[in-house]
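Architecture at a glance
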Amino acid sequence: MTAQIIDGKAFAATVREKVAGHVARLKEEHNITPGLAVVLVGEDPASQVYVRSKGKQTVEVGMNSYEHKLDADTSEADLLALIDQLNNDKDVHGILVQLPLPGHLNEDLVINSIDPAKDVDGFHISNVGLLGTGQKSMVPCTPLGCLMMLRDYHGSLSGMDAVVIGRSNIVGKPMAQLLLGDSCTVTIAHSRTKDLPDVVRRADIVVAAVGRPEMVPGDWIKEGATVIDVGINRIERDGKNKLVGDVDFASASERAGAITPVPGGVGPMTIACLLANTVTACCRAHGLSEPEGLTA
């Protein structure tokens, strides 16, 4: 068997197109323009690239982009004051504080100071609790992107056996909650899981999010399973730098029914879902119907 490739880059382009359509209708019918504010503290090179990409894509879909770049030694009080200002700005519907933050800043305190209704990263403790209890929330972007791709490929996920490898607050735990919400039978596996290969082998859906290069070999994958590889790991191979996932793509693609590549799989969906979350937050703020197909 040769797995079907789930093209995240193409799917993300479709999501952005849907977002742009919703933005155009909000402008035309309600004279509302969704706005996304991104806060970057310090000069982490990877974060700078990511923030530039977010700003570019925000403008491309017709939304307002507000970028706030602060010095690495910015005090916690000043950062919290900026977030309070954005919380009270009616033109800002989504707020994202780029992580990681410099060591002297308390990430939990900062994230939980964001208005939960504007928390488009879905990291606020209120949104975590709402998601965990099956209520309407802002959903973390990467798991939302994974769910969108799974729904697109399978249609209904009801009754499928899903294994999420990784228990992080950013991907693993919210991914499991979303799969439960779509009536999957869900196992969260991790470094202490006994007989991990056997646990993974029974899964119809495998979501790998552990941050270990090519940790999951092909012989762990059930014949015909769908593999969503969230990992992005930089390794050196044959004297060259290469990006690989948490799954050994070559061997897994011989057994899986469908698989996401790295790069070009889950990665592009994260920013696309950030834009989708901003439109969702905007619609909720104005009491309008949520955009169909862009929420959990």
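Here the residue numbering is sequential within each chain, running from 1 through the sequence in written order. Whole-chain, interface and lining totals are the exception, using all residues; otherwise, since this is a predicted model, local features are given only for residues with pLDDT of at least 70 and side-chain atom pairs are given and counted only at 80 or more. Neither water nor hydrogens contribute to the side-chain values; these are computed over all heavy atoms in the structure.

Some words on the overall build of the protein chain
- The way it works is that DSSP assigns letters per residue, a run of H or I at least four long becomes a helix, a run of E at least two long becomes a strand, and they are numbered from the N terminus. The helix and strand inventory of the protein chain stands at ten helices and eleven strands.
- Based on C-alpha atoms, the radius of gyration is set beside the globule rule, defined as 2.2 Å times the residue count to the power 0.38. Relative to a compact globule of 296 residues, whose C-alpha radius of gyration would be 19 Å, the protein chain shows 19 Å and is just as compact.
- By principal-axis analysis of the C-alpha atoms, the protein chain measures approximately 50 × 45 × 35 Å.
- Contacts: residue pairs with any heavy atoms within 4.5 Å of one another. Residue pairs at least 24 apart in sequence account for 69% of intrachain contacts in the protein chain once pairs closer than 6 positions are excluded.
- As presented, the protein chain carries roughly 13,600 Å² of accessible surface, and 48% of it is formed by carbon and sulfur atoms.
- We score Asp and Glu as negative and Lys and Arg as positive, and we do not count His or the chain ends. Lys charges are placed at NZ, Arg charges at CZ, Asp charges at CG and Glu charges at CD. Averaging the locations of the 27 positively and 37 negatively charged side chains of the protein chain gives two centres separated by 4 Å. Note that accessible areas follow from Shrake-Rupley with a 1.4 Å probe, and for residues the cover is restricted to the protein chains shown.

Regarding the environment of Ile32
- On the secondary structure map, Ile32 appears in the loop between helix 1 (8–30) and strand 2 (35–41).
- Sequence separation between Ile32 and Thr226 is 194 residues, and the spatial gap between their C-alpha atoms is 39 Å.

Examining the domain arrangement of the protein chain
- By the assigned domains, the protein chain splits into domain 1 (29–127) and domain 2 (141–267).
- A C-alpha centroid distance of 29 Å is found between domain 1 and domain 2. All domain edges in this entry derive from an automatic or database-based domain assignment.

A look at the UniProt feature "domain: Tetrahydrofolate dehydrogenase/cyclohydrolase NAD(P)-binding" (unreviewed entry) in the protein chain
- UniProt positions are given in the numbering used here, feature names are shortened, and annotations may be inferred rather than shown by experiment. In the numbering used here, UniProt assigns the "domain: Tetrahydrofolate dehydrogenase/cyclohydrolase NAD(P)-binding" (unreviewed entry) feature to residues 140–284.
- The annotated region residues 140–284 carries 36% helix and 21% strand content, and the separation between its end C-alpha atoms amounts to 17 Å.

Concerning the packing of helix 1 against helix 6 (residues 141–154)
- Where helices are involved, their axes are fitted lines through C-alpha atoms of the stretch in contact, as for all axes, and angles between N-to-C directions lie from 0 to 180°. Relative orientation of the contacting elements helix 1 and helix 6 amounts to 100 degrees, with a least axis distance of 11 Å. By the criterion of interaxial angle, the relationship of helix 1 to helix 6 is roughly perpendicular. Taken together, the residues of helix 6 that come into contact with helix 1 (itself represented by Gly8, Phe11 and Val15) are Met148, Met149 and Asp152. Any angle that falls under 35 degrees is termed roughly parallel, while one over 145 is termed roughly antiparallel, one within 65 to 115 roughly perpendicular, and all others oblique.

Focus on helix 3 (residues 76–87)
- Helix span is expected to be 1.5 Å times the residue number reduced by one. Taking 1.5 Å of rise per residue, twelve residues should cover 16 Å, and helix 3 covers 16 Å from first to last C-alpha, within 8% of that figure.
- For helix 3, the full list of buried residues reads Leu79, Leu82, Ile83, Leu86 and Asn87. Axial view of helix 3: buried residues confined to an arc of 145 degrees, hence all on one face.
- On its buried side, helix 3 packs onto strand 2, strand 3 (64–70), strand 4 (94–97) and helix 4 (107–111). The rule is simple: take the accessible area with a 1.4 Å probe, protein chains only, and divide by the maximum for that residue type; under 20% is buried, over 50% is exposed, in between is partly exposed. Note that the arc is computed from the directions linking the helix axis to the C-beta atoms.

Observations regarding the nonpolar core
- Ranked by size, the top nonpolar core spans 54 residues in total, and within it Val19 and Leu179 carry the most contacts.
- By residue number, the principal contributor to this core is helix 10 (residues 267–285), which donates ten residues.
- Counting contributing residues per domain, this core is built from domain 1 (29–127) and domain 2 (141–267), each supplying no fewer than three.
- We define a nonpolar core as any set of buried Ala, Val, Leu, Ile, Met, Phe, Trp, Tyr and Cys residues linked to one another through side-chain atoms lying within 4.5 Å. Membership of the second largest hydrophobic core comes to 20 residues, among which are Ala189, Ile221, Val247 and Ala256.

Let's talk about the side chain of Ser253
- Within the secondary structure, Ser253 sits in the loop between helix 9 (249–252) and strand 11 (258–259).
- Of the residues examined, Ser253 reaches a relative accessible area of 12% and is grouped as buried.
- Whenever two N or O atoms come within 3.5 Å, that pair is a polar contact, provided that in protein one can donate a hydrogen and the other can accept it, and provided that, for residues adjacent in sequence, both atoms are side-chain atoms. Only 2.8 Å separates the side chain of Ser253 from the backbone oxygen of Phe249, close enough to count as a polar contact.

What about helix 7 (residues 172–181)?
- Taken as a whole, helix 7 has its buried residues at Gly172, Pro174, Met175, Ala176, Leu178 and Leu179.
- Of the surrounding elements, those touching the buried residues of helix 7 are helix 5 (125–132), helix 6, strand 5 (161–165), strand 6 (185–189) and strand 7 (205–208).
- After helix 7 finishes, the residue Ser183 shows a positive phi value of roughly 65 degrees.

Let's talk about the sheet that holds strand 7
- Strand order across the open sheet formed by six strands is 1-11-8-7-5-6, with parallel pairing between neighbours. In this open sheet, the two edge strands, each paired with only one partner strand, are strand 1 (4–5) and strand 6.
- Of the strand pairs in this sheet, strand 8 (residues 226–229) and strand 11 are connected by two bridges, and their pairing is parallel. Opposite Thr226, over in strand 11, you have Ala258 as the bridge partner.
- Contacts from helix 7 reach strand 5, strand 6 and strand 7, with the element oriented near 170 degrees to strand 5. Here a strand pair is declared whenever DSSP counts at least two bridges between the two strands.

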